[in-house]
Amino acid sequence: MTSEDMDPTTRNPTTEDLARQVDALKADISRLTESLGEFGKAKSQQYRTEAQRRAEGLRDQAQGRMDEVEVYVRQNPTQALGIAAGVGLLIGLFSRR
């Protein structure tokens, strides 16, 4: 479309001109919709990858803590049994209320 086509003083817009402009607008909206969809997919993948990375880190950290607890229980079985009984008693008391 030339600047002459856009200048209302050079000619009057026809129905065909308006139809072409509407078609161009539809094509632009379609391309914009596709771009937004692709952007959303890319961001979704980025967030999914980051969440998986963090979940793996937390899993490794939890496994390390479990290993520490296991070592403690093996070295101090009587204390571990007493702690477990105390925690069980507290949970039982709180669950009744």
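Predicted model, so just to flag it, every value in this text is computed and none were measured. (Residues numbered from 1 in each chain as written. Predicted model: local features only at pLDDT ≥ 70, side-chain atom pairs only at ≥ 80, totals over all residues. Heavy atoms only, no water.)

Student: Sorry if this is basic, but what is going on with the overall build of the chain here?
Tutor: Check the secondary structure of the chain and you find three helices and zero strands. When burial is assessed residue by residue, the chain has 2% of its 97 residues classed as buried. Carbon and sulfur atoms make up 60% of the accessible area of the chain, which totals about 8900 Å². (Helix = DSSP H or I, 4+ residues; strand = E, 2+ residues; numbered from the N terminus. Buried < 20%, exposed > 50% of the residue type's maximum accessible area, 1.4 Å probe, protein only. Areas by Shrake-Rupley, 256 points an atom, 1.4 Å probe, with all protein chains shown as cover.)

Student: Would you take a moment to explain the confidence of the model for the chain for this structure?
Tutor: Note: predicted coordinates in regions of low pLDDT should not be interpreted at a detailed level. Considering every residue of the chain, the mean pLDDT works out to 88; 88% of them sit at 70 or more. Of all the helices and strands in the chain, helix α1 (residues 3-6) carries the lowest mean pLDDT, 56, while helix α2 (residues 15-75) carries the highest, 94. (pLDDT = per-residue confidence, 0-100.)

Student: Explain the packing of α2 against helix α3 (residues 77-96) to me, please; I cannot follow it from the model alone.
Tutor: For any two helices packed against each other, one specifies the inter-axial angle together with the distance between the axes. Contact geometry for α2 and α3: axes closest at 5 Å, N-to-C directions at 115°. For the element pair α2 / α3, the angle class is roughly perpendicular. For the pair α2 and α3, contact is made by Y72, V73, R74 and Q75 and by P77, Q79, A80 and I83, respectively. Residue composition of the contact of α2 with α3, grouped by class: five nonpolar, two polar and one charged. (Axes fitted to C-alpha atoms, helices over the stretch in contact; angles between N-to-C directions. Parallel < 35°, antiparallel > 145°, perpendicular 65-115°, else oblique. Contact = heavy atoms within 4.5 Å. Nonpolar A, V, L, I, M, F, W, Y, C, P; charged D, E, K, R; others polar.)

Student: Please clarify how the pattern of salt bridges should be interpreted in this entry.
Tutor: In this structure the tally under the stated criterion is six salt bridges. Across the pair R20 and D17 runs a salt bridge, and its minimum N-O distance is 2.1 Å. Residue R20 and its partner D17 are located together in helix α2, separated by three residues, close to a single helical turn. We classify R20 as partly exposed; its relative accessible area is 47%. (Salt bridge = Lys/Arg side-chain N within 4 Å of Asp/Glu carboxyl O.)

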